[in-house]
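Structure at a glance
Each chain is listed here by its residues.
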Amino acid sequence: MSVVLGAVLLVIARPLLAGLLAAPAAAGRLTDRPWRALAWSVVLAVAAMWLGLGLAFAVPTLPPSFTIMAVAAAEYLAAVLVSGARRRVPRGAAAVPA
């Protein structure tokens, strides 16, 4: 019985752990400083966990694993959009008046 339970936990835990790798990837897009990226990855991972669990609690038909991964994916998408917007505007460039 314990062997089956261990195998089931591995099958369930692997996708969750792989999904939580989105937080460090998102943090890497937000800053190019390693220590700041480490702090951002912790904040984003904890936020994904709590927001996902809160969403699963608010909508009982959604499984917690899905909501946590959906929040992590949304955080990554937001980081991609923010980093893309930052890269389009050079640092120190003033806005051109229309």
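Let us look at the structure shown here.

So, how was this worked out
Residues numbered from 1 in each chain as written. Predicted model: local features only at pLDDT ≥ 70, side-chain atom pairs only at ≥ 80, totals over all residues. Heavy atoms only, no water. Helix = DSSP H or I, 4+ residues; strand = E, 2+ residues; numbered from the N terminus. Expected span 1.5 Å × (residues − 1). Bend = angle between axes of the 7 residues up to and from the residue. Buried < 20%, exposed > 50% of the residue type's maximum accessible area, 1.4 Å probe, protein only. Core = buried A, V, L, I, M, F, W, Y, C linked by side-chain atoms within 4.5 Å. Contact = heavy atoms within 4.5 Å. Polar contact = N/O pair within 3.5 Å; in protein donor to acceptor, adjacent residues only side chain to side chain.

**Here's the deal with helix H1 (residues 2–19)**
- Taking 1.5 Å per residue, 18 residues should reach 26 Å; H1 reaches 26 Å between its end C-alpha atoms and fits that length.
- The axis of H1 is deflected most strongly, by about 25 degrees, at alanine 13, and proline proline 15 appears within four residues downstream.

**As for the environment of alanine 45**
- Tracing the backbone shows alanine 45 in helix H3 (residues 34–58).
- In this structure alanine 45 comes out as partly exposed when scored by relative accessible area, which is 23%.
- For the pair alanine 45 and leucine 21, spaced 24 residues apart in sequence, the C-alpha to C-alpha distance is 8.5 Å.

**Some thoughts on the nonpolar core**
- If you look at the biggest cluster of nonpolar residues, it comprises six residues: Ala23, Ala26, Ala27, Leu30, Leu44 and Ala79.
- The greatest single-element share of this core, amounting to four residues, is contributed by helix H2 (residues 22–30).
- Discounting residues that sit within four places of it in the chain, leucine 44 has contacts with Ala23, Ala26, Ala27, Leu30 and Glu75.

**Some words on H3**
- When the terminal C-alpha atoms of H3 are compared, their 35 Å separation across 25 residues agrees well with the 36 Å that a helix rising 1.5 Å per residue should span.
- Ala37, Ser41, Leu44, Ala48, Gly52 and Ala56 are the residues of H3 that are buried.

**A few points about the environment of serine 41**
- Assignment of secondary structure puts serine 41 in helix H3.
- Discounting residues that sit within four places of it in the chain, serine 41 has contacts with Ala23, Pro24 and Ala27.
- For serine 41, the side chain forms a polar contact with the main-chain oxygen of leucine 38, separated by 2.7 Å.

**Points about the side chain of glutamate 75**
- Within the fold, glutamate 75 resides in helix H4 (residues 64–88).
- With residues up to four places along the chain from it excluded, the contact list for glutamate 75 reads Ala26, Leu44, Ala47 and Ala48.

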